[in-house]
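Each chain is listed here by its residues.
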Amino acid sequence: RNGGFNRQAVKNDFQTFVLKFDRDVEFFVDQMDVDESNLALAAANVTNEFETQQAIPETDCYRNSKLYAEYKAAGETPDTTVLTNDNVLSVIDTAMMNMTEEEVPMEGRILYVTPVVEKMINEAKEIQRYLSLTQNSGTIRRKIVNLDGLKIKPILSNRMKTVYDFSDGCKPGASAKQINMILFHPHSILACDKHQYIKLWPEGTHTQGDGYLYQNRKYGDLFLIPNRKQGVFINAESEA
């Protein structure tokens, strides 16, 4: 009769995560280069090209490969089933079932797939199709973007490798293997941008020369939350 309840303890512990993704770059575009290229080298174009061709793809590559590494470090083994039109849905269904058994929320799950796997899903033998053109506007949609409530998002194959070399830009590492799919729930992953700096200095606002100065820095990382690792499933090419 010590208060009428089985009294337990409450702890407020913290786990330290060290950010390792710190990338920066600087471009100087001479005013005459802008003029003589008929504005092709205008600062806005340089900024747009760098973001779409370098910064965004590099972030995708880093985060996908980092999740793969964190998944293995947490003691999990990536599934190495060779996917085909005949078994792709079975692999997804099994992964979904296992997550449900582990009490991972059903709502909000996302499936990253390469275009090759996306095509397999569209052509999977278990999916029946019926196309009616009698009262059709001429638009036919065959692409599957939602499978039993699971949101499917295609990711370019070269952004879904197991390891990358970031010493000069971003390219697959020597031992890189193909990641075919990543099924996850967002509450299992911590993706953070601690600091992002994008600055365009027009001519006359800096001392680097007669032209535009573009600076870009991104500092952050991605982590798999250890006690929520059940919310991640990865199928990849075997490393053997």
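Before any of the text, the structure's been laid out above.
For clarity, every value in this text was computed on a predicted model and none was experimentally measured. (Residues numbered from 1 in each chain as written. Predicted model: local features only at pLDDT ≥ 70, side-chain atom pairs only at ≥ 80, totals over all residues. Heavy atoms only, no water.)

Remarks on the overall build of the chain
Let me state the cut-off plainly: Numbering of helices and strands runs from the N terminus, with a helix taken as a DSSP run of H or I at least four residues long and a strand as a DSSP run of E at least two residues long. Between the two quantities, the radius of gyration covers C-alpha atoms and the globule rule is 2.2 Å times the number of residues to the power 0.38.
A tally of regular secondary structure across the chain gives four helices and ten strands. Each helix (α) and strand (β) of the chain, taken in turn from the N terminus, gives the series β-α-α-α-β-α-β-β-β-β-β-β-β-β. Scaling as 2.2 N^0.38, a compact globule of 240 residues should have a C-alpha radius of gyration of about 18 Å, whereas the chain reaches 24 Å, well beyond that. Taking the principal axes of its C-alpha atoms as reference, the chain extends roughly 75 × 75 × 40 Å.

Examining the nonpolar core
Our working rule: Among buried residues, the Ala, Val, Leu, Ile, Met, Phe, Trp, Tyr and Cys ones that are joined through side-chain atoms within 4.5 Å form a nonpolar core. We call a residue buried when its accessible area falls under 20% of the maximum for its residue type, exposed when it is over 50%, and partly exposed in between, using a 1.4 Å probe and counting protein chains only. Whether two residues are in contact is decided by their heavy atoms, any of which lying within 4.5 Å being enough.
By size, the foremost hydrophobic cluster in this structure holds 22 residues, and its most contacted members are Val88, Ile92, Leu111, Ile121, Met181 and Leu183. Looking at this core element by element, the count peaks at seven residues for helix H3 (residues 88–101). Ignoring sequence-local partners within four residues, the contact set of Val88 consists of Val117, Met120, Ile121, Ala124 and Met181. The next biggest cluster of nonpolar side chains, apart from the first, holds 16 residues, and it includes Tyr112, Ile182, Ile189 and Ile234.

Some points on the pairing of strand E4 (residues 150–154)
Note the threshold: The pairing criterion for strands is at least two bridges between them, as found by DSSP.
Note that strand E2 (residues 110–113) and E4 share four bridges and pair parallel. Paired with Tyr112 across the bridge in E4 is Lys153. In this structure, strand E3 (residues 146–147) lies alongside E4, joined through two bridges in antiparallel fashion. Its bridge partner lying in E4, Asn146 is registered against Lys151. What sits between the antiparallel neighbours E3 and E4 is a turn of two residues, in which Asp148 has the positive phi angle 50°.

Focus: the pattern of salt bridges
Using the following cut-off: Salt bridges are defined as contacts in which a side-chain nitrogen from Lys or Arg sits within 4 Å of a carboxyl oxygen from Asp or Glu.
For the coordinates displayed, the defined rule picks out ten salt bridges. The salt bridge partner of Arg63 is Asp193, with a shortest N-O separation of 3.0 Å. Taken together, the residues span a long stretch of sequence, with Arg63 in helix H2 (residues 43–73) and Asp193 in strand E8 (residues 189–201) at a distance of 130 residues. When its relative accessible area of 22% is taken as the criterion, Arg63 is described as partly exposed. The salt bridge involving Lys72 is made with Glu239; its shortest N-O contact spans 3.0 Å. Linking Lys72 in helix H2 with Glu239 in the segment after strand E10 (232–236), this pair joins segments that are 167 residues apart in sequence. Beyond isolated ion pairs, a larger network of salt bridges with shared partners links Lys66, Glu70 and Asp221.

Observations concerning the packing of H3 against helix H4 (residues 115–122)
Under the convention used in this document: To obtain an axis, a line is fitted to C-alpha atoms, over the contacting stretch when the element is a helix, and the angle between two such axes runs from 0 to 180 degrees between their N-to-C directions. Geometric relationships in this document are graded by angle, where less than 35 degrees denotes roughly parallel, more than 145 denotes roughly antiparallel, 65 to 115 denotes roughly perpendicular, and other angles denote oblique. We call Asp, Glu, Lys and Arg charged. Ala, Val, Leu, Ile, Met, Phe, Trp, Tyr, Cys and Pro are nonpolar, and the rest, Gly among them, are polar.
Contact geometry of H3 with H4 gives a least axis separation of 9 Å together with a crossing angle of 100°. The angle between the axes of H3 and H4 places the two elements in the roughly perpendicular class. Of H4, the residues touching H3 (which contributes Val88, Leu89 and Ile92) are Val117, Met120 and Ile121. Among the residues making up the contact of H3 with H4, the classes are represented as six nonpolar, no polar and no charged.

Concerning the sheet that holds E10
Pairing within the open sheet is mixed, and its five strands lie in the order E3-E4-E2-E7-E10. The two strands at the open ends of the sheet, each matched to only one other strand, are E3 and E10. Strand direction decides the pairing type here: E2 and strand E7 (residues 179–184), joined by four bridges, are antiparallel. Across the sheet, residue Leu111 finds its bridge partner in E7, namely Leu183. Relative to E7, H3 is tilted by about 30°, and along the sheet it contacts E2, E3, E4, E7 and E10.

Topic: the packing of aromatic side chains
Here is the rule: Ring geometry is summarised as follows: Phe, Tyr and Trp rings, the Trp one being its six-membered ring, pair when their centres sit within 6.5 Å, and such pairs are stacked at plane angles under 30 degrees, edge-to-face over 60 and tilted between the two.
In this structure the tally under the stated criterion is eight aromatic pairs. An angle of 15° between the planes, with centres 6.0 Å apart, marks the rings of Phe27 and Tyr214 as stacked. On the criterion of sequence distance, the pair formed by Phe27 in strand E1 (residues 21–30) and Tyr214 in strand E9 (residues 211–224) is long-range, its members being 187 residues apart. On the basis of relative accessibility, which here comes to 2%, the residue Tyr214 falls in the buried class. Aromatic pair Tyr164 and Phe166: ring centres 6.1 Å apart, planes at 40°, arrangement tilted.

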